[in-house]
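# Secondary and tertiary structure notes
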Amino acid sequence: MAAYLIRRLIQSALILLGVSFITFFLLYVLPADPVRQIAGRSATPETVANIRAQLGLDQPFLVQYGRYLAGLFQGDMGRSYLQKTDVATLIMSRLPASLLLMIAGIGAELVVGLTMGVVAALFRGRVLDNTLMMTSFVTVSAPQFVVALLLLYVFAVQLGWFPIGGYGTPAHLVLPALTLGILGSGWYARMMRSSMVEVLRADFVRTARAKGLTRSRVILRHTLPNAILPVIAMIGIDIGIFMGGIVVVEGVFGWPGIGQLAWQAIQRVDIPIIMGVTLVSAFAIVLGNLLADLVAPLIDPRIRIR
């Protein structure tokens, strides 16, 4: 176990290093100029040159990246060009909201998606199966803003059950989490159905039925623990996606997470914030996959970490 963890941690560090290099390089070659955003349209060339020199943006790429990397190793993610605040402070102030929305969204995905997948597998080839799989295809294909606005119109405007937007109470969390749950449930439904169908054909399931076990016991005790293993890896990937990829949902519902922070930084070409959010999202993906690999053997003892 120790050797495995050390190897994975080294691999994770290399992945994060690669992500930082690629992201920094893409921002370096970006046509947009952050100095112009800071200086304003009426700034003189001398003012622009002075700001560029103060920020070190007049240095070669390797010098800029090396300086950023040196600060990163010391726990310094830089300062926002426009907000004049440490990036780590800005991200930490938004992180609790994103974590809360991530947990609620993944929970909604699992409840909706796994239920659809299990029911579709149990009624394989029937009308209910086809209906659920078609529904899962629609949810996967639906744009985020369409689902978000539709839920807002029905449950907030027409019915008045939930607030239109904001943050702070459980009622504010329901619609954003439900939006994410609906959008992501299709992947879990299709994955769970395929896995369930495969496990239901396995010899040990037929043996369990031959022993006289009830259908519910066969499903809950023997089928689900084996069919759910592929879903664990998807949850690990979802952690990173939720951390940085829910910009639209946060924007529609006015949710103050790091996705909204990233979108504002992209509009203003605020490179330190973009780098910070990207690295936090990459770290979340790496951590999620590592946790998925560690949790899998606990669910199925036949899996061993090598």
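Note that this is a predicted model, so its numbers are computed, not measured. (Residues numbered from 1 in each chain as written. Predicted model: local features only at pLDDT ≥ 70, side-chain atom pairs only at ≥ 80, totals over all residues. Heavy atoms only, no water.)

## Some thoughts on the pattern of salt bridges
Definition in use: What makes a salt bridge here is a side-chain nitrogen of Lys or Arg within 4 Å of a carboxyl oxygen of Asp or Glu, nothing more. Only protein chains enter the accessibility calculation, which uses a 1.4 Å probe; a residue is then buried when its area is under 20% of its type maximum, exposed when over 50%, and partly exposed in between. Strands are runs of DSSP state E lasting at least 2 residues, helices are runs of H or I lasting at least 4, and numbering of each runs from the N terminus.
Enumeration according to the criterion identifies 2 salt bridges in this entry. Among the ionic pairs, Arg-79 bridges to Asp-86, the shortest N-O distance being 3.4 Å. Judged by relative accessible area, Arg-79 falls into the partly exposed class, the value being 46%. Of the charged contacts in the structure, one is a salt bridge between Arg-193 and Asp-129, with a shortest N-O distance of 2.8 Å. Of this pair, Arg-193 sits in helix α8 (residues 170-200) while Asp-129 is found in helix α6 (residues 127-141), placing the two residues 64 residues apart along the sequence.

## So, the packing of helix α1 (residues 2-28) against helix α4 (residues 61-73)
In helix packing, the relevant descriptors are the interaxial angle and the interaxial distance, both defined with respect to the helix axes. The test is simple: Throughout, an axis means a line fitted to C-alpha atoms (over the contacting stretch in the case of helices), and angles, computed between N-to-C directions, take values from 0 to 180 degrees. The scheme is simple: roughly parallel for angles under 35 degrees, roughly antiparallel for over 145, roughly perpendicular for 65 to 115, oblique for anything else. Crossing chirality is assigned from the near helix's rotation relative to the far helix, an anticlockwise turn below a right angle marking it left-handed and a clockwise turn marking it right-handed. Contact between two residues is taken to exist if any of their heavy atoms lie within 4.5 Å; hydrogens are not considered. Classes in brief: Ala, Val, Leu, Ile, Met, Phe, Trp, Tyr, Cys and Pro nonpolar; Asp, Glu, Lys and Arg charged; the others, Gly included, polar.
α4 packs onto α1 with a crossing angle of 135° between their chain directions and a minimal axis gap of 11 Å. Comparing the axis directions of α1 and α4 gives the class oblique. Between α1 and α4 lies a crossing of right-handed hand. Contacts between α1 and α4 pair Leu-17, Ser-20, Phe-21, Phe-24, Phe-25 and Tyr-28 from the former with Phe-61, Gln-64, Tyr-65, Tyr-68 and Leu-69 from the latter. Its residues placed into classes, the contact of α1 with α4 shows 9 nonpolar, 2 polar and no charged.

## Notes on the confidence of the model for the chain
Applicable threshold: Values of pLDDT, the confidence the predictor places in each residue, fall between 0 and 100.
Averaged over all residues, the pLDDT of the chain equals 79, while 92% of them reach at least 70. When mean pLDDT is compared element by element in the chain, α4 scores highest at 88, while helix α11 (residues 229-244) scores lowest at 69.

## Some words on α8
Definition in use: Expected span of a helix: the number of residues minus one, times 1.5 Å. Note that the bend at a residue is defined as the angle between axes fitted to the seven residues ending at it and the seven residues starting at it.
For α8, built from 31 residues, the straight-helix expectation of 45 Å at 1.5 Å per residue is missed by more than 12%, its first-to-last C-alpha distance being only 39 Å. Within α8, the axis deviates most sharply at Gly-184, by approximately 40°.

## A look at the packing of aromatic side chains
Aromatic ring pairs are described here by two measures, namely the spacing of the ring centres and the angle between the planes. We count it as follows: Any two rings among Phe, Tyr and Trp, with Trp reduced to its six-membered ring, count as a pair given centres within 6.5 Å; such a pair is stacked if its planes are under 30 degrees apart, edge-to-face if over 60, and tilted if neither.
Using the criterion set out here, one finds 9 aromatic pairs in the structure. A centroid spacing of 5.3 Å and a plane angle of 90° characterise the contact between Phe-21 and Tyr-65, whose relative ring orientation is edge-to-face. You can see Phe-21 sitting in helix α1 and its partner Tyr-65 sitting in helix α4, a full 44 residues away along the chain. Judged by relative accessible area, Phe-21 falls into the partly exposed class, the value being 37%. Cluster of aromatic residues (ring-pair linked, three or more members): Phe-21, Phe-24, Phe-25, Tyr-28, Phe-61, Tyr-65 and Tyr-68.

## Topic: the environment of Val-252
Among the secondary structure elements, Val-252 is positioned in helix α12 (residues 247-253). On the accessibility criterion, Val-252 (26% relative accessible area) is partly exposed. Here Val-252 is in contact with Ala-148, Leu-149 and Leu-152, once residues within four sequence places are set aside.

## Concerning the nonpolar core
This is how the line gets drawn: By nonpolar core is meant a set of buried Ala, Val, Leu, Ile, Met, Phe, Trp, Tyr and Cys residues that side-chain atoms within 4.5 Å join together.
Membership of the largest hydrophobic core comes to 28 residues, with the highest contact counts inside it found for Phe-24, Ile-91, Leu-261, Ile-273, Met-275 and Val-277. Here this core takes 7 residues from helix α14 (residues 271-299), the largest share from any one element. Once you skip the residues sitting within four places of it in the chain, Ile-91 turns out to touch Met-77, Ile-258, Leu-261, Gly-276, Val-277 and Val-280. One finds Leu-101, Val-147, Val-249 and Ala-284 within the second-largest nonpolar core, a separate group that totals 20 residues.

## With respect to the environment of Pro-170
Relative to the assigned elements, Pro-170 resides in helix α8. Classification of Pro-170 as exposed rests on a relative accessible area of 66%.

## Things to note about the environment of Val-231
With respect to the helices and strands, the residue Val-231 is situated in helix α11. Residues Val-231 and Ala-88, 143 residues apart in the sequence, show an inter-C-alpha distance of 32 Å. If sequence neighbours within four positions are ignored, Val-231 has contacts with Leu-110, Leu-114, Tyr-188, Met-191 and Met-192.

## Things to note about a nonpolar patch on the surface
What counts, and what does not: Exposure above 30% relative accessible area and the lack of any salt bridge qualify a residue for a patch; like charges then connect within 9 Å, and the nonpolar side chains Val, Leu, Ile, Met, Phe, Trp and Tyr within 5 Å. Surface accessibility follows the Shrake-Rupley procedure with a 1.4 Å probe radius. Residue values consider only the protein chains on display as shielding.
A contiguous nonpolar surface patch, about 690 Å² in accessible area, is contributed by Phe-21, Ile-22, Phe-25, Leu-26, Tyr-28, Val-29 and Leu-62. Per-element tally for the nonpolar patch: the top contributor is α1, with 5 residues. Along the chain, Phe-25 falls in helix α1.

## A few points about the side chain of His-172
Note the following rule: Two N or O atoms form a polar contact when they lie within 3.5 Å of each other; inside protein one atom must be a possible hydrogen donor and the other a possible acceptor, and for residues adjacent in sequence the pair counts only when both atoms belong to side chains.
By the element assignment, His-172 lies in helix α8. In terms of polar contacts, His-172 uses its side chain to reach the side chain of Thr-169, at 2.5 Å. Leaving out residues up to four positions away in the same chain, His-172 has contacts with Pro-163, Gly-165, Gly-166, Tyr-167 and Trp-255.

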